[in-house]
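# A closer look at the structure
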Amino acid sequence: LIEGQGLYSADDDVEILTNNNFKKIIYGQKNAWIVEFYNSWCGFCQRFAPSWKSLAKDIKDWKNIIKVGAIDCSDDDNSALCRNFEIMAYPTLKYFHENYIEDSKHLGADVTKGTDMGEHKNYLIKHMILEQENKRGLDFPTLLPYKHSNILHLFDSNVNAKYVFLVIDKPESMLGPQLSLDFNAYKEICVRYATTENEALTKKFKIQSYPFMTVLTDSNTSHDFNGQLKSREDFRTAIIEYVNPSLVIKKNDDSGLFTGKWVNAEVPDIGSLIEAISKKQLRDKVKKMGNVVFQADLESALRYSLKHEIGTTKDIFGEKLDALKAYFSVLIKYFPFGIQGKAFLEELLDLLKDKVSLDGATIVEVVNKYDTEAANVFSSKHQWIACDGSTSEKRGYPCGLWMLFHFLTVEASEKTNMPKEVLHAMKGYIKNYFGCADCSRHFQEMAVSRDLEGVTSANSAILWLWMAHNTVNKRLSGDVSEDPEFPKVQFPSATNCPKCRLGTNWDYNEVLKYLKIMYNSLNIRYIGAD
Ligand code: FAD
């Protein structure tokens, strides 16, 4: 993947949407759209992307009816758009019906995501059926089950069809609607389906096993397909063979059933290759320094959280507002900013005073005002140093956010004795703003299972977060989201802190010492140092 390109490339059948093309592509179209709003740094989104690409490939013959797109909300240019659509968790799937127009009351319909391509497709079809029940998509093939007892009515609403295939299967099966969509481009072919609940039909055809299919033609003949048809592929082939044997395409032909599209292989851009080499040199240099904290990483995490997570939340009120106050309060106390930086954070907290609700865009305005060289708040531009990943979707923000909260727990232990203050602020932030929905849920579960409320001292708060982070490291070790240059290990590694380990156990005092040194404000590195 090329830097800044997100999780999809031109080779995929997923349309890459951006702030610039979104309206033109999605609004006022004859077809509907299913769009994934994602975040390229979110591990869940990285694991999700292959199944989204498979879905787009699998249903590309449905393009007159529905198309598949994706938009990267972590891209600065797209964040305002994601905010307008009130995207609070990643990935979020939204369905935009045909002829969708801008409407603040209907920001696309949420569609449940599955765990694999087949499940995504089933949820999508269920949603499309719901749309037709609500009188949308009426120009699309009928996706509602056939409920008449008399098959002659099948031709009533399909006057153009020469062949009507009727599929009968169990109520939960999505085979019938899939086949209707598969053959949508063929005027002469119409596929309808009924469920086993239509007893008149199941009796009429004396069906022995499901799924069953029969075909009725306009010349009043019919033919039942008894026997071996099981998969969608079997049914598609049987339909094509019946209508015109010359149309049959080999099953293994991955150019699609009807349409083959050749795309040029992506040619890497020389400029980005050169940049990748020098970035790698920098990463290697930083790795040699051991576990160090860079001001640029903390600032970039802060900036990102303000602009892209809080900033994309349209309606901040109630629990969200309280979580934001807690977050800003700990930042004011412990974030390693100078005087101007503290004034900036205080202005942010002031914005919340006496407010019942506010739009995240207000926060972005203030951040933009201070995010200039002249304001002297941020020490460097947005960039990742110790959190730089070997590709653009690896590491970055989640890495910076972990470091930020570790830093805050250590700093709090030096300055006050409010053991749970930072952990509570973090819990509220992760619950209400952190874009990776799966991570957020896991973290909330961990707060209960690992008894966050049982933390009684500032030192145990540092260790609680260290242990929680190691639990996540363990779960993600070997996962696709792992950066091969930075394998997930139990932290700190035996090489980085030999004293921290007592055989297979930890020496908690040594771990605490290690964390207090690593995340100490005196040890923060600025760009250019070393
Ligand atoms: P990270 O794990 O992000 O670590 C960043 C840096 O922190 C490391 O480079 C190291 O210097 C230091 N560090 C590592 N471990 C510790 C430790 N135990 N104590 C102190 N410092 C340490 N992704 C998922 O796919 N599923 C999840 O459920 C999930 N939950 C998350 C929950 C939270 C609160 C956050 C902030 C992120 C979560 N992520 C999750 C993202 C994931 O944990 C990583 O942040 C991401 O994969 C990037 O990994 P990384 O290699 O940069 O290292």
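Preceding this section is the structure that the text describes.
All values derive from a computational prediction rather than experimental measurement.

So, on to the site of the ligand. Taken together, 27 residues form the shell around the ligand, and within it R395, H442, H469, R475 and Y519 come nearest. With the chains in place, 94% of the 950 Å² that the ligand exposes on its own is no longer accessible. Taken together, the residues that form the shell around the ligand break down as 16 nonpolar, seven polar and four charged.

Attention now moves to the pattern of salt bridges. Inspection of the entire model under this criterion finds 27 salt bridges. Between R232 and D182 there is a salt bridge whose closest N-O contact spans 2.9 Å. Within this pair, whereas R232 is found in helix α7 (residues 232-243), its partner D182 is found in helix α5 (residues 175-182), the two being separated by 50 residues in sequence. Each member of the pair, R232 as well as D182, carries the same accessibility label: buried.

Within the open sheet, the five strands sit side by side as β1-β3-β2-β4-β5. Their pairing is mixed. One side of each edge strand has no neighbouring strand; the edge strands of this open sheet are β1 (15-17) and β5 (109-111). On average, adjacent strands in this sheet sit at an angle of 35° to one another, irrespective of strand direction. Examined bridge by bridge, strand β2 (residues 32-38) and strand β3 (residues 66-72) share seven bridges and lie parallel to one another. Directly across from Y38, in β3, lies its bridge partner D72. Contacts from helix α4 (residues 117-133) reach β2, β3, β4 (92-96) and β5, with the element oriented near 145° to β5.

Once that is clear, we can look at the state of the cysteines. Under the defined criterion, the tally for this structure stands at four disulfides. The disulfide that involves C387 links it to C399, with 2.1 Å between the sulfurs. On the S-S bond that ties C387 to C399, the torsion sits near -70°, and the link is left-handed. Of this pair, C387 sits in the loop between α12 (360-370) and α13 (397-415) while C399 sits in helix α13; the two residues are twelve residues apart in sequence, bridging distant segments of the chain. As far as burial versus exposure is concerned, C387 and C399 are alike and both buried.

The subject of this paragraph is the nonpolar core. The tendency in soluble globular proteins is for nonpolar side chains to be buried side by side. Among the nonpolar cores identified, the biggest contains 147 residues, and F22, F37, F344 and I363 are the most heavily contacted of them. Among the elements that make up this core, the one with the highest residue count is α13 (eleven residues). In this view, F22 contacts L17, Y27, V35, F37, I71, L81, F85 and F96; residues no more than four positions away in its chain are not counted. In terms of nonpolar packing, the next biggest core, distinct from the first, is built from 14 residues, I151, L166, A194 and L201 among them.

A word on the packing of aromatic side chains. Within the structure shown, the criterion is met by 36 aromatic pairs. The interplanar angle of 50° and the centroid separation of 5.4 Å between the aromatic rings of F22 and F85 together place this pair among those described as tilted. With F22 in helix α1 (residues 22-26) and F85 in the loop between α3 (79-84) and β4, this residue pair connects regions lying 63 residues apart in the sequence. Take F85: its relative accessible area is 4%, and that puts it in the buried class. Taking 6.3 Å as the distance between ring centres and 70° as the angle between the ring planes, the aromatic pair formed by F337 and F344 counts as edge-to-face. On the accessibility criterion, F337 (9% relative accessible area) is buried. F344 gets classed as buried once you look at its relative accessible area, which sits at 0%. Counting every residue linked through ring pairs, the aromatic cluster contains F22, Y27, F37, F85, F96 and Y100. Above the plane of the ring of F486 lies K287, whose end atom (NZ or CZ) is 4.8 Å from the centre.

Reading the values: the criteria
Residues numbered from 1 in each chain as written. Predicted model: local features only at pLDDT ≥ 70, side-chain atom pairs only at ≥ 80, totals over all residues. Heavy atoms only, no water. Near = heavy atom within 4 Å. Areas by Shrake-Rupley, 256 points an atom, 1.4 Å probe, with all protein chains shown as cover. Nonpolar A, V, L, I, M, F, W, Y, C, P; charged D, E, K, R; others polar. Salt bridge = Lys/Arg side-chain N within 4 Å of Asp/Glu carboxyl O. Helix = DSSP H or I, 4+ residues; strand = E, 2+ residues; numbered from the N terminus. Buried < 20%, exposed > 50% of the residue type's maximum accessible area, 1.4 Å probe, protein only. Pairing = 2+ DSSP bridges. Axes fitted to C-alpha atoms, helices over the stretch in contact; angles between N-to-C directions. Contact = heavy atoms within 4.5 Å. Disulfide = S-S within 2.5 Å. Core = buried A, V, L, I, M, F, W, Y, C linked by side-chain atoms within 4.5 Å. Phe/Tyr/Trp six-rings, centres within 6.5 Å; stacked < 30°, edge-to-face > 60°. Lys NZ or Arg CZ within 6 Å of the ring centre and 35° of its normal.

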